[in-house]
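Given next are the chains, with one letter for each unit.
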Amino acid sequence: MRYDVYTPLLLSLVLALAGPAIAPRVAPALATRVLTSAAVLTAAATTWSLVLLAAALLGDAPPVVREARQDGHPVVDPVPEAIGLAACAALLVVALRVHRAVRAERRTRRALRRLCTGQPADTELIVAASAVPQAFAIPGRPGRILVTSAMLSALPPGERRVLLAHERAHLTHRHGPLVTAATLAAAANPLLTPVRSAVTFLVERWADEQAASAVGDRRATARALARAALCAGRARTACALQFTDRAVTRRIAALQTGPPPSLWPAALAVLVLGALAALLAADATGDLLAVLSGALD
């Protein structure tokens, strides 16, 4: 308990540093899944660690522990009072951040659903008359793709296929929930913010690779991405799932090379970080329960 309860916080920092560094070298589909899973596990572990630290201040536990003796010697308080108070404050901040993230997610979903109002249930593609070049993948059942007339007119037919394949990949592989999970993990643990940014980038890379595979031409996919970025840049706008994001140059460069390898060992190492954080939090729980149980005997 004395050390295990703090270790998930350290591991979250390691994940924030190592995860985004490893992810670009791994196939985007694998990297996205692994990094999101590790972030969720680590965020849950760090939040539970805060709960354990704060729990020492609740009820009669602290005085019982302080008065308990083992082999004639006082049992050391597993959590100093100052740390317990700090953990309580941190939990309040976590609750507020997660609440705000959930509210923002709900607002976004409602806004996207309104865009589909009045459309037939079996319509996948919605073309909106607008001078602003935009493209959106709208998650849901069914998922929809909304493209403005300005974006379609800016792209030749072959590149339109790329854009639609890209947005369809977001829907097919449920990238929205993956980004949401990483966002909530970062809300619970701000140290994981770089991981959330990496996941956001990786789902775009994943969709790029799917689009390149669908049209059978990586260079055409790169050209479509560049043209859409320039078009949206002139309009000072961005697409919902970042078809034209700030990392577009990195995505274009990646498309001009071969598909990245799977590199399972590197991906497994990232996942182990998240699993280890969860295991240490569970071990700290057992230690705290053992200390309190011994004190009550």
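Our subject is the structure listed above.
Parameters and conventions
Residues numbered from 1 in each chain as written. Predicted model: local features only at pLDDT ≥ 70, side-chain atom pairs only at ≥ 80, totals over all residues. Heavy atoms only, no water. Helix = DSSP H or I, 4+ residues; strand = E, 2+ residues; numbered from the N terminus. Buried < 20%, exposed > 50% of the residue type's maximum accessible area, 1.4 Å probe, protein only. Contact = heavy atoms within 4.5 Å. Areas by Shrake-Rupley, 256 points an atom, 1.4 Å probe, with all protein chains shown as cover. 1 Å grid on protein atoms, 1.4 Å probe; cavity = no way out; pocket = protein on both sides within 12 Å on 5 of 7 lines; lining within 4 Å. Points joined across faces, edges and corners; volume = space filled by probe spheres on them. Nonpolar A, V, L, I, M, F, W, Y, C, P; charged D, E, K, R; others polar. Axes fitted to C-alpha atoms, helices over the stretch in contact; angles between N-to-C directions. Parallel < 35°, antiparallel > 145°, perpendicular 65-115°, else oblique. Left-handed = near helix turned anticlockwise from the far one by under 90°.

**Focus: the overall build of the protein**
Phase 1: Within the protein one finds eleven helices and five strands.
Phase 2: Among the 297 residues that make up the protein, the fraction classed as buried is 44%.
Phase 3: By sequence separation, contacts in the protein at least 24 residues apart represent 73% of the contacts at least 6 residues apart.
Phase 4: For the protein, the accessible surface area stands at approximately 15,000 Å², while carbon and sulfur atoms represent 62% of it.

**So, empty space enclosed by the protein**
Phase 1: Under the defined criterion, the tally for this structure stands at two cavities of 30 Å³ or more.
Phase 2: By volume, the largest cavity amounts to about 50 Å³.
Phase 3: Surrounding the largest cavity, G19, I22, A23, V26, L30, A31, V34, L35, A267 and V270 form its lining.
Phase 4: Mapped by element, the contributors of at least two residues to the lining of the largest cavity are α1 (7-22), α2 (28-55) and α11 (264-296).
Phase 5: When residues in the lining of the largest cavity are grouped by element, the largest group, four residues, is from α2.
Phase 6: Class assignment for the residues of the lining of the largest cavity results in nine nonpolar, one polar and no charged.

**Here's the deal with the packing of α2 against helix α7 (residues 175-188)**
Phase 1: Relative to each other, α2 and α7 sit at 30°, their axes nearing to 9 Å. Classed by the angle they form, the pair α2 and α7 counts as roughly parallel. In the crossing of α2 with α7, the sense of the turn from one axis to the other is left-handed. Here α2 contributes T32, T36, A39, V40, A43 and T47 to the contact with α7, which in turn contributes L178, A181, A182, A185 and A188.

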